Amino acid sequence: MLTVYLIICGVMSLVTLIIFAIDKIKSKSEDATRIPEIVLLSFISLGGAFGGFFGMYLFRHKTRFSEKFHFGIGLWFSLILQLALAAFIALVEQGSITLF
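Note that the structure is predicted; figures quoted are calculated from it, not measured. (Residues numbered from 1 in each chain as written. Predicted model: local features only at pLDDT ≥ 70, side-chain atom pairs only at ≥ 80, totals over all residues. Heavy atoms only, no water.)

*Asks:* Is there a simple way to think about the overall build of the protein in this case?
*Replies:* Looking only at helices and strands, one finds 3 helices and 0 strands in the protein. Reading the secondary structure of the protein in the N-to-C direction produces α-α-α. Taking the principal axes of the C-alpha coordinates as reference, the protein spans close to 55 × 25 × 20 Å. Looking at the 100 residues of the protein, the share that counts as buried comes to 32%. Within the protein, contacts between residues at least 6 apart in sequence are counted, and of these 70% link residues at least 24 apart. Carbon and sulfur atoms make up 72% of the accessible area of the protein, which amounts to about 6,600 Å² in all. Charged side chains of the protein number 8 positive and 6 negative; the gap between the two group centres comes to 5 Å. (Helix = DSSP H or I, 4+ residues; strand = E, 2+ residues; numbered from the N terminus. Buried < 20%, exposed > 50% of the residue type's maximum accessible area, 1.4 Å probe, protein only. Contact = heavy atoms within 4.5 Å. Areas by Shrake-Rupley, 256 points an atom, 1.4 Å probe, with all protein chains shown as cover. Lys, Arg positive; Asp, Glu negative; His and termini not counted. Charge placed at Lys NZ, Arg CZ, Asp CG, Glu CD.)

*Asks:* Whenever I open this one, the nonpolar core confuses me. Can you help?
*Replies:* Here is a general trend for soluble globular proteins: nonpolar side chains tend to be buried in one another's company. Ile19, Phe20, Ile35, Leu40, Leu41, Ile44, Ala49, Met56, Phe71, Leu75 and Leu79 form the largest nonpolar core, which has 11 residues in total. Those elements that place two or more of their residues in this core are helix H1 (2-27), helix H2 (37-58) and helix H3 (69-94). Here this core takes 5 residues from H2, the largest share from any one element. Beyond its immediate sequence surroundings of up to four residues, Leu75 is in contact with Leu41, Ile44, Ala49, Gly52, Phe53 and Met56. Core analysis: the second largest hydrophobic core is formed by 5 residues, Leu2, Tyr5, Cys9 and Ala86 among them. (Core = buried A, V, L, I, M, F, W, Y, C linked by side-chain atoms within 4.5 Å.)

*Asks:* I would appreciate a short explanation of the packing of H1 against H2 in the present structure.
*Replies:* Describing two packed helices takes the angle between their axes plus the distance from one axis to the other. Axis separation between H1 and H2 bottoms out at 7 Å; the angle between their running directions is 60°. Classified by the angle their axes make, H1 and H2 are oblique. Between H1 and H2 the crossing geometry is right-handed. Its residues placed into classes, the contact of H1 with H2 shows 15 nonpolar, 7 polar and 1 charged. (Axes fitted to C-alpha atoms, helices over the stretch in contact; angles between N-to-C directions. Parallel < 35°, antiparallel > 145°, perpendicular 65-115°, else oblique. Left-handed = near helix turned anticlockwise from the far one by under 90°. Nonpolar A, V, L, I, M, F, W, Y, C, P; charged D, E, K, R; others polar.)

*Asks:* For this particular structure, what's the right way to read H1?
*Replies:* Given 3.6 residues per helical turn, the α-helix brings residues three or four places apart onto the same face. Between its terminal C-alpha atoms H1 stretches 37 Å, which fits the 38 Å expected from 26 residues at 1.5 Å a residue. Within the sequence span of H1, burial applies to Leu2, Tyr5, Cys9, Met12, Ser13, Thr16, Ile19, Phe20, Ala21 and Asp23. Residues of H1 that are buried in the fold lie against H2 and H3. (Expected span 1.5 Å × (residues − 1).)

*Asks:* What's the story with the packing of aromatic side chains in this structure? I'm lost.
*Replies:* The description of an aromatic ring pair uses the distance of the two centres, along with the angle that the planes make with each other. According to the stated counting rule, one finds 4 aromatic pairs in the structure shown. Between the aromatic rings of Phe53 and Trp76, the centroid separation amounts to 5.2 Å while the plane-to-plane angle is 75°, which identifies the pairing as edge-to-face. A residue pair is termed long-range when its members are at least 10 positions apart, and Phe53 in helix H2 and Trp76 in helix H3 qualify at 23 residues. Take Phe53: its relative accessible area is 22%, and that puts it in the partly exposed class. By relative accessible area, Trp76 is classed as partly exposed at 37%. (Phe/Tyr/Trp six-rings, centres within 6.5 Å; stacked < 30°, edge-to-face > 60°.)

So, in structure tokens, the structure goes:
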């Protein structure tokens, strides 16, 4: 189960990283339609937090927390939640935590 979760997070992170790259390219063109923040945050929250985190700093995109505070909070919250879920799944598989 942990392996499946990590594969899903890896694929979603790769997709999120690609979406960040596309949005950064579009941000340089004035007449291009940008990717809405809700779409970026959706991919981040659906398992792509690591890709979103690396995309922010690799492309220097959406890093002004004074202007995009909600975006940064959403990213960090999703990252912590995904790490906690991975740790929980690992502990359940190990037998340290029983669900019932």
